Amino acid sequence: MIFVTVGNSSFQFDRLIQSVDNLISQNIIKGKVIMQIGNSKYLPHNAEYFRYCSGSKLTNYITESTLIICHGGIGTIFACLKKNKKVIAIARLPQRGEHSNEHQIEIINQLVKEGQILGSTASNSEDLLALYKKSTLDGCFNGKIKSNTSFQIIQIINDFLAG
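Residues numbered from 1 in each chain as written. Predicted model: local features only at pLDDT ≥ 70, side-chain atom pairs only at ≥ 80, totals over all residues. Heavy atoms only, no water.

A. Quick look at unusual backbone geometry. The backbone phi angle of Asn-27 is positive, close to 60 degrees, even though this residue is not glycine. Along the chain, the position of Asn-27 falls in the loop between α1 (14-25) and β2 (33-36). The backbone of Asn-84 sits at a positive phi, close to 60 degrees, despite the residue not being glycine. Counting through the fold element by element, Asn-84 comes out in the loop between α3 (74-82) and β5 (86-90). (Helix = DSSP H or I, 4+ residues; strand = E, 2+ residues; numbered from the N terminus.)

Structure representation (structure tokens):
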């Protein structure tokens, strides 16, 4: 199963939901897909979906999934990595009304650099398609938290807060 989650933000993330839905409709993404769409306005036509769920239910979806496609929230990404799951993270962009700042880009870039996740800003279905194809290759990323990750992510967050 593939689980798609946009987190609990009050912002929409239609770009991600619609991109995944498009890849399902093109029969590129196959099998069961469940989407947590949050406050997104776009409603998927090709997958089961819901808006929000409890933390324990979210953990169950992560546990049952072979791949998680998610927003760039550090809590979501680390929850997936703690379960040794493959993650494709897509940054929410403020210029598209998806967030108030660009911190998700820095977090994703650092984790991609470390080889722990696949991720980008994926501006359309084609960008997501490239990441999805890469995720199907053995050994393309490890889906595990590395011991030095916490320090590097904390530094990114501290730099962001410092302005």
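So much for the structure itself; the text now carries on.
B. Spatial organisation of the packing of α1 against helix α5 (residues 125-135). Between α1 and α5, the least distance of the axes is 9 Å, while the angle of their chain directions is 65 degrees. Taken together, α1 and α5 sit at an angle that is classed as roughly perpendicular. The two elements α1 and α5 cross, and the hand of that crossing is right-handed. On α5, the residues that touch Leu-16, Gln-18, Ser-19, Val-20, Asn-22 and Leu-23 of α1 are Ser-125, Leu-128 and Leu-129. Split into classes, the residues belonging to the contact of α1 with α5 amount to five nonpolar, four polar and no charged. (Axes fitted to C-alpha atoms, helices over the stretch in contact; angles between N-to-C directions. Parallel < 35°, antiparallel > 145°, perpendicular 65-115°, else oblique. Left-handed = near helix turned anticlockwise from the far one by under 90°. Contact = heavy atoms within 4.5 Å. Nonpolar A, V, L, I, M, F, W, Y, C, P; charged D, E, K, R; others polar.)

C. Local environment of the pairing of strand β4 (residues 67-71). Counted residue by residue, β4 has five buried out of five residues, so it is predominantly covered. Here strand β1 (residues 2-5) pairs with β4 via four bridges, running parallel. In the sheet register, Val-4 faces β4, and the bridge partner there is Ile-69. Bridge count for β4 against β5 is five bridges, and the pairing is parallel. In the strand pairing of β5, Ile-68 is matched with Val-87. Between the parallel pair β4 and β5, the chain is carried across by α3, and the sense of this crossover is right-handed. (Buried < 20%, exposed > 50% of the residue type's maximum accessible area, 1.4 Å probe, protein only. Pairing = 2+ DSSP bridges. Right-handed = clockwise from strand over helix to strand, strands pointing away.)

Fair warning: the whole summary comes from geometry, so function is off the table for now.
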